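# Commentary on secondary and tertiary structure
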Amino acid sequence: MRSHTFAMIPARAGSKRCPEKNTRPFAGGESLMERTIRVALESHLFGAVVVSSEDNRTLLMATRIGAEMLHRPKSLAADDVDTEAVMNHAIATYPQYKIMCVLYCQAGAFVTPGMLQDSYTRFDMRNPLVSWVIELNKDAGQFYWVNTLRFQRAWGAGKQLLSQNIEEWPMPASEVQDINTEADWKLAEMKYRKLVDR
């Protein structure tokens, strides 16, 4: 599977509501980006683990953990750029892979290598264009799998993709957290510490 599967971790540096949320220490330890890279590497699923960012500091940090750097153009780092455009850039840069796993940095707080392995076995190349995994109240996606060829075809035809063929993997509210604000950050740290203390 490693020969045809890669992971892409979006890590834009310009968050205004939660500055440096991808690279600052989380819960007194490594950053969320570093944790997410380690989870991807330890799953042994991927031929490459790639961090997409416009920020050189972020990219250098990623390479120290073992990820490859994908320098995102400034045009793909604005607040109004959606994930699909970033996905398309990564797929075009790594055309040798048939499957991409998009891993948000917030996944580093709760996702395990075992979750990735389990979800990979559920991904059906023949059916879903996108399989979104771990979602809560429609707004806490952690990662999802993409058939890269079908994605590019749909993207070229101007279709919206992330609203189609969604397969949910429900998680308890205590084990997932979308992080967009400082309040979200504090809540994620609290949930993480409770999990660690179990």
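Above this text sits the structure in question.
Just so it is clear, the structure is predicted and the values come from calculations on it, not from any experiment. (Residues numbered from 1 in each chain as written. Predicted model: local features only at pLDDT ≥ 70, side-chain atom pairs only at ≥ 80, totals over all residues. Heavy atoms only, no water.)

## Quick word on helix 1 (residues 32-43)
The cut-off we apply is this: Each helix corresponds to a stretch of at least 4 residues labelled H or I by DSSP, and each strand to a stretch of at least 2 residues labelled E; elements are numbered beginning at the N terminus. What a helix is expected to span follows from its residue count: subtract one and scale by 1.5 Å. Categorising residues by exposure relies on relative accessible area from a 1.4 Å probe, with only protein chains included: less than 20% of the type maximum marks a residue as buried, more than 50% marks it as exposed, and the intermediate range marks it as partly exposed. The contact rule is simple, with two residues in contact once any of their heavy atoms fall within 4.5 Å.
With 12 residues, helix 1 ought to run about 16 Å at 1.5 Å a step, and its terminal C-alpha atoms sit 17 Å apart, in line with that. When you tally the buried positions in helix 1, you get 9 out of 12 residues, the bulk of the element. Looking at helix 1, one finds that the buried residues are Leu32, Met33, Glu34, Arg35, Thr36, Ile37, Val39, Ala40 and Ser43. Buried residues along helix 1 sit against strand 1 (5-10), strand 2 (48-53), helix 2 (56-65), strand 4 (99-103), helix 4 (113-122) and helix 6 (182-196). Just past helix 1, the residue His44 takes up positive phi, approximately 60 degrees.

## What about the nonpolar core?
Here is the rule we go by: In plain words, nonpolar cores are sets of buried Ala, Val, Leu, Ile, Met, Phe, Trp, Tyr and Cys residues tied together by side-chain atoms within 4.5 Å.
Counting residues in each nonpolar core, the largest one holds 40 residues, and the members touching the most others are Ile37, Phe46, Val51, Leu103, Leu116 and Trp145. At 5 residues, the largest contribution of residues to this core is made by helix 1. Apart from residues lying up to four places away in sequence, Leu116 is in contact with Val39, Ala40, Ser43, Leu45, Phe46, Cys101, Leu103, Val111, Phe143 and Trp145. By size, the runner-up hydrophobic cluster in this structure holds 19 residues, among which are Leu70, Val86, Ile91 and Val146.

## Thoughts on the packing of helix 3 (residues 83-93) against helix 5 (residues 148-156)
Under the convention used in this document: Axis lines are fitted through C-alpha atoms, for helices just across the contact stretch, and the angle between N-to-C directions can take any value from 0 to 180 degrees. Put simply, angles under 35 degrees are roughly parallel, angles over 145 are roughly antiparallel, angles from 65 to 115 are roughly perpendicular, and the rest are oblique. The sense of a crossing depends on the near helix, which, turned anticlockwise from the far helix by less than a right angle, makes the crossing left-handed and, turned clockwise, makes it right-handed. The classification used treats Ala, Val, Leu, Ile, Met, Phe, Trp, Tyr, Cys and Pro as nonpolar, Asp, Glu, Lys and Arg as charged, and all other residues, Gly among them, as polar.
Contact pair helix 3 / helix 5: the axes reach a minimum separation of 11 Å and the direction vectors enclose 125 degrees. Considering their axes alone, helix 3 and helix 5 lie oblique with respect to each other. Classified by chirality, the crossing of helix 5 by helix 3 is left-handed. Touching Glu84, Ala85, Met87, Asn88, Ile91 and Ala92 of helix 3 are Thr148, Phe151, Gln152 and Trp155, all from helix 5. Of the residues assigned to the contact of helix 3 with helix 5, the class counts are 6 nonpolar, 3 polar and 1 charged.

## A closer look at the packing of helix 1 against helix 2
Axis separation between helix 1 and helix 2 bottoms out at 10 Å; the angle between their running directions is 35 degrees. Two packed elements cross with a definite hand, and for helix 1 against helix 2 that hand is right-handed. Residues Met33, Glu34, Ile37, Arg38 and Leu41 of helix 1 lie in contact with helix 2, whose contacting residues are Thr58, Met61, Ala62 and Ile65. Considered class by class, the residues forming the contact of helix 1 with helix 2 number 6 nonpolar, 1 polar and 2 charged.

## Remarks on the side chain of Thr36
Quick note on the threshold: Whenever two N or O atoms come within 3.5 Å, that pair is a polar contact, provided that in protein one can donate a hydrogen and the other can accept it, and provided that, for residues adjacent in sequence, both atoms are side-chain atoms.
With respect to the element layout, Thr36 can be found in helix 1. A polar contact of 2.8 Å, which involves the side chain of Thr36, links it to the backbone oxygen of Leu32. There is a polar contact of 2.8 Å between the side chain of Thr36 and the backbone oxygen of Cys105.

## Let's talk about unusual backbone geometry
Working note: non-glycine residues mostly have negative phi, and peptide bonds are mostly trans. Positive phi values are uncommon outside glycine, yet Glu20 reaches one of about 55 degrees. By secondary structure assignment, the location of Glu20 is in the loop between strand 1 and helix 1. At Ala27, a position not held by glycine, the phi torsion is positive, near 50 degrees. By secondary structure assignment, the location of Ala27 is in the loop between strand 1 and helix 1.

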